[in-house]
Amino acid sequence: MSGRVVVMSDGSEVYVAQSGRRDGPTIILCDGIGCDGYIWRYIKAAFEPAFRVLHLHYRGHGLSPVPADPVTLSVEQFAVDVWEVADAFEVDKAILWGHSMGVQVILESAHLRRDRVLALIPMCGAYERPLDTVRNGAGGVLLPVISSILFARPDTLRRLWRKVVPSEFSYKLAATAEINAKMIRREDFYPYLEHLARMDPVVFVQMLNNLAVHSARGYLAELAMPALVFAGSRDNMTPPFLAEELCRQLPDAALCIIPGGSHAAPVELPDLVTLRAERFLRQHGMMP
């Protein structure tokens, strides 16, 4: 695997990891908020032998620095970045694969350049206002409270964030409330907590505020490329009914519900995800 920094048209820097076959079809991976790739561990391993895989680190995530203008921490800007990265790597058309917030990013990217998208693979995400469905809407209610506290005392919250997030308490909380602890390996999920702790919580909350109001509803009917939509049957972050709604609105979509899967289903039941995705790509003539 190799990586490089790509300078966007506004001067911001985005780090991109490249792996797999340089002469194969291209898959572009788009993370969830606060992630730098933990979810792709098994997917990368399965598809790198036949595909070129580009995994971009969003602005303010992973190895990409925080942009000078916080307004650019948005789904819309990340979608623009997807195609600037594609241009930098001389990619004409690509399969877009997104997890969680990455679902909104790939939908927005496809809206910008339908002609450059071979297929969409939205996974454990929503197409609009995802906080409205987190824990029956609790996310949307709590966000203004969290934002007001954070922006009033950012340094105090930064210190607390870095101490608490990568802790055993956070892991046990996630194992109790969100991930399926019986199906996931600790070493597959802990990198998420470690990366999240390194993030600036101000960046995280700014992104959440944008995410909370973003919607792809108005253009879903225009996205006629093949799509395979994944959902975890016990995903409390983005419940499976959201995937069902997305399938109904996309012109050419298939649905795969991962039994017992949570929001981290791709690392809980990776073989199911990769085998179903391979079948989908083969069905549409995209497997080399």
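The structure under discussion appears in the preceding block.
Being a predicted model, the structure only gives us computed values, none of them experimental. (Residues numbered from 1 in each chain as written. Predicted model: local features only at pLDDT ≥ 70, side-chain atom pairs only at ≥ 80, totals over all residues. Heavy atoms only, no water.)

1. Details of the packing of aromatic side chains
Here's step 1: In total, this model carries 4 aromatic pairs according to the counting rule given.
Here's step 2: Geometrically, the ring pair formed by Phe 47 and Phe 51 is edge-to-face, given 5.7 Å between the ring centres and 65° between the ring planes.
Here's step 3: Classification of Phe 51 as buried rests on a relative accessible area of 0%.
Here's step 4: Summarising the aromatic geometry, the rings of Tyr 58 and Phe 78 are spaced 4.5 Å apart at their centres and angled 5° between planes, so their arrangement reads as stacked. Placement of Tyr 58 in the loop between strand S4 (52-56) and helix H2 (75-88) and of Phe 78 in helix H2 is noted, with a sequence separation of 20 residues between them.
Here's step 5: When its relative accessible area of 1% is taken as the criterion, Tyr 58 is described as buried. (Phe/Tyr/Trp six-rings, centres within 6.5 Å; stacked < 30°, edge-to-face > 60°. Buried < 20%, exposed > 50% of the residue type's maximum accessible area, 1.4 Å probe, protein only. Helix = DSSP H or I, 4+ residues; strand = E, 2+ residues; numbered from the N terminus.)

2. A closer look at the sheet that holds strand S3 (residues 26-30)
Here's step 1: Across the sheet, 8 strands lie side by side as S1-S2-S4-S3-S5-S6-S7-S8; this open sheet has mixed pairing. Each of the sheet's edge strands pairs with one partner strand only, and the pair in question is strand S1 (2-7) and strand S8 (253-258). Taken over all neighbouring pairs, the strand axes of this sheet differ in orientation by 20° on average, direction set aside.
Here's step 2: In terms of strand pairing, strand S6 (residues 117-123) meets strand S7 (residues 227-232) through 2 bridges, oriented parallel. Residue pairing across strands places Leu 120 opposite Ala 227, the latter belonging to S7.
Here's step 3: Its contacts with the sheet put helix H3 (residues 101-112) on S3, strand S5 (94-99) and S6, and the angle it makes with S5 is roughly 150°. (Pairing = 2+ DSSP bridges. Axes fitted to C-alpha atoms, helices over the stretch in contact; angles between N-to-C directions. Contact = heavy atoms within 4.5 Å.)

Without other data, these values stay purely geometric and don't point to any function.
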